[in-house]
Amino acid sequence: MLSALQGSPDQAWSLSEVLSACDWHDQAQSVGAGQGLADAGLVSVDEQVSVIWMLGDEGERAHTDGLLEARLWNWLVAQPESARGMSDLNSSVFERHETGPGVGLLKGLGVEIIAGSLTIPTDTSEVSGVSAILAERAEFLASLVEGTSEESLDSSMLAHFKGRKDLVVSSESVSRTWTVTEAGLAVDSSALVEAAQIADITPELLQGDEWRNAEFKPYDVNLESADPMTGKAHPMQALIERIRSIFLEMGFSEISGDYVTSAGWNMDALFIPQDHPAREMQDTFYLDNPASIEIEDEHLTAWQEIHEHGGDTGSLGWGGKFSPEIAQSGLLRTHTTVNTIRHLAENPKQPCRVFSVGRVFRKESIDRTHLPEFHQIEGIIMEPGANLPMLVTTLKTFYAKMGYPEVRVRPAYFPYTEPSLEVEIKWRGEWLELGGAGIFRPEVTEPLGCSAPVCAWGMGLERLAMLVLDLDDIRQLYISDLEWLRAQPIL
Ligand code: PHE
């Protein structure tokens, strides 16, 4: 291609000129060669985008059968004057959907409706004017059969057809010309040989021997390419997987639990007083079905003793009267602490390190930072000698592995832990609260039969996701915005 272009240095070569000069038949070949030469600075490319007009579906039909107004006009002039009424038209060969718009088109050509009859202008020159217009329109459509660029079309005619449905459609086309540059001219033409380069390595190619002496086209990683559209995990799911693998690698096992549970396991087992504000209807989703979930008497009695007077723990309890009915109300879990509590109830003597990542439900109004359904990262360490530094170190290790090495804890309050902590991480110079932690109170562990201390924590997942994905609106995680999802990094 370069030696062809060198032969006519001032020429802007069109695609067809390059094809015939090089004796190529595939336009991709000249576009590819031209791009390669342009990348090397040996030719300059001029790209012109033009709009091409073609026949639409209706246009194709009009081109073969005639335009509606032309068919109607021909019908009209062939009818005796007494048979040009609207009723004649309706009983004619024209279809219902054609007559309405057709009459409109005829009126535009000067046909009038007088006393219910379609009336042709009396003036013969006006009549021949109509025929001329119809001929021009047909000719215009005929010129679009192969597609014509916008500049070479009559603009008022184009405007007329653009206003009609499906008659004409447009598309963009790029035409390129190539001109040799000074650097291109300076290349010694005797050194230019045409060699085929192999771009695709196919099984057929490898079966033969030809590839042995062939020249391979080098990869150009700077070329523009289409973005591959592949499936990948939702960022939230990917984050959950990452959290899982961090806890697993820290020696924890995963546990899970049901969304539906009783107030007893969600709250009473955690020594949350039965009149605690967080238990109210406006904060918790209580269920109609099951409205009540049975709890074994042994648990109900143990919790009753603890809540009313502290059981054998030496605590005073909350006083008042414990209601087994309230304890048995069905609800959607408000935290995943119910998972760890049930694990302890089932394995009270077995030291453990377990975690769960799960969905919880609270009656929150939806806004930038709140959702009524969200996830918590929950965990416990139960073993003789478990203590506060062990808890803090575990959380620091977890967040460091997540990429947030600066963690601090502050005193907090939960009815079920003592001491209680708030966990914060530093992000862009600010301390952000991510969850709660502490050591379960005896009022929680004794009724379950645990004697070793239990370090516990529960942290927000969406909050963390907002930091990891750099979001300022939590709703972005759940609106299935495909554009955004595609742009997300693989975590
Ligand atoms: N359950 C608490 C919450 O939902 C977090 C927590 C878990 C606090 C375990 C202390 C111990 O915010």
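Quick note: structure is the one above.
Remember, it's a predicted structure, so these values are computed and weren't measured experimentally. (Residues numbered from 1 in each chain as written. Predicted model: local features only at pLDDT ≥ 70, side-chain atom pairs only at ≥ 80, totals over all residues. Heavy atoms only, no water.)

Novice: Looking at this model, I keep getting lost on the overall build of the protein. Mind explaining?
Specialist: For the protein, the helix and strand inventory stands at 20 helices and 17 strands. The globule rule puts the C-alpha radius of gyration for 491 residues at 23 Å, and the 40 Å found for the protein is more than 25% above it. Expressed as lengths along the three principal axes of its C-alpha atoms, the size of the protein is roughly 115 × 85 × 50 Å. By residue count, 41% of the 491 residues in the protein fall in the buried class. Of the contacts formed within the protein by residues at least 6 apart in sequence, a portion of 68% connects residues at least 24 apart. If you sum the accessible surface of the protein, you get close to 27100 Å²; carbon and sulfur atoms cover 50% of it. Side chains of the protein give 35 positive and 75 negative charges; the mean places of these two sets differ by 8 Å. (Helix = DSSP H or I, 4+ residues; strand = E, 2+ residues; numbered from the N terminus. Rg over C-alpha atoms; globule rule 2.2 N^0.38 Å. Buried < 20%, exposed > 50% of the residue type's maximum accessible area, 1.4 Å probe, protein only. Contact = heavy atoms within 4.5 Å. Areas by Shrake-Rupley, 256 points an atom, 1.4 Å probe, with all protein chains shown as cover. Lys, Arg positive; Asp, Glu negative; His and termini not counted. Charge placed at Lys NZ, Arg CZ, Asp CG, Glu CD.)

Novice: Can you help me understand the sheet that holds strand 5 (residues 148-149) in this one?
Specialist: The strands that make up a sheet pair up through hydrogen bonds in the backbone, lying either parallel or antiparallel. Spatial strand order, 1-6-2-5: 4 strands in an open sheet with antiparallel pairing. In the strand order of this sheet, the two ends are held by strand 1 (13-14) and strand 5, each with one partner. The sheet contact formed by strand 2 (residues 43-55) and strand 6 (residues 168-180) spans 13 bridges and is antiparallel. Looking across to strand 6, one finds that Val-49 is bridged to Val-174. (Pairing = 2+ DSSP bridges.)

Novice: Even after reading the chapter, I still don't get a nonpolar patch on the surface, so can you show me in this structure?
Specialist: On the surface, a nonpolar cluster with roughly 300 Å² of combined accessible area is contributed by Ile-201, Leu-206 and Phe-216. Here Phe-216 shows up in strand 8 (residues 215-216). With a relative accessible area of 37%, Phe-216 lands in the partly exposed category. (Patch = residues over 30% accessible without salt bridge, like charges linked within 9 Å, V, L, I, M, F, W, Y side chains within 5 Å. Salt bridge = Lys/Arg side-chain N within 4 Å of Asp/Glu carboxyl O.)

Novice: Looking at this structure, I do not really get helix 2 (residues 15-22). What am I missing?
Specialist: For an α-helix the count is 3.6 residues per turn, leaving residues at separations of three or four pointing the same way. Along helix 2, the residues classified as buried are Val-18, Leu-19 and Cys-22. One side of helix 2 carries all its buried residues, which in axial view fall inside an arc of 100°. Summarising the geometry of helix 2, the exposed residues directed more than 90 degrees from the buried face are Ser-16 and Ser-20. At its buried positions, helix 2 is contacted by helix 1 (2-6), strand 1, helix 3 (27-39) and strand 6. Where helix 2 ends, the next residue or the one after it, Asp-23, has phi of about 60°, a positive value. (Arc of directions from axis to C-beta.)

Novice: Just to check I follow, could you spell out helix 17 (residues 388-402) for this structure?
Specialist: Taking 1.5 Å per residue as the helical rise, helix 17 with its 15 residues ought to reach 21 Å, and the 21 Å between its terminal C-alpha atoms agrees with that figure. Three or more residues of helix 17 are buried, namely Leu-391, Val-392, Thr-394, Leu-395, Phe-398, Tyr-399 and Met-402. All buried residues of helix 17 lie within an arc of 160° about the axis, which places them on one face of the element. For helix 17, the capping residue at the N-terminal end is Asn-387, with a side-chain oxygen 3.0 Å from the backbone nitrogen of Met-390. (Expected span 1.5 Å × (residues − 1). Polar contact = N/O pair within 3.5 Å; in protein donor to acceptor, adjacent residues only side chain to side chain.)

Novice: What's the story with the site of the ligand in this structure? I'm lost.
Specialist: Neighbouring the ligand are 13 residues, the closest being His-335, Thr-337, Arg-362, Gln-376 and Tyr-416. Measuring from an oxygen atom of the ligand, one finds a side-chain N or O atom of Gln-376 at 2.9 Å. Isolated, the ligand exposes 320 Å² of accessible area, and the fraction of that covered by the protein chains is 91%. The set of elements that each furnish at least two residues to the shell around the ligand consists of strand 13 (373-382), strand 16 (430-440) and strand 17 (454-460). Here the element with the most residues in the shell around the ligand is strand 17; it accounts for 3 residues. Tallied by class, residues from the shell around the ligand come to 5 nonpolar, 6 polar and 2 charged. (Near = heavy atom within 4 Å. Nonpolar A, V, L, I, M, F, W, Y, C, P; charged D, E, K, R; others polar.)

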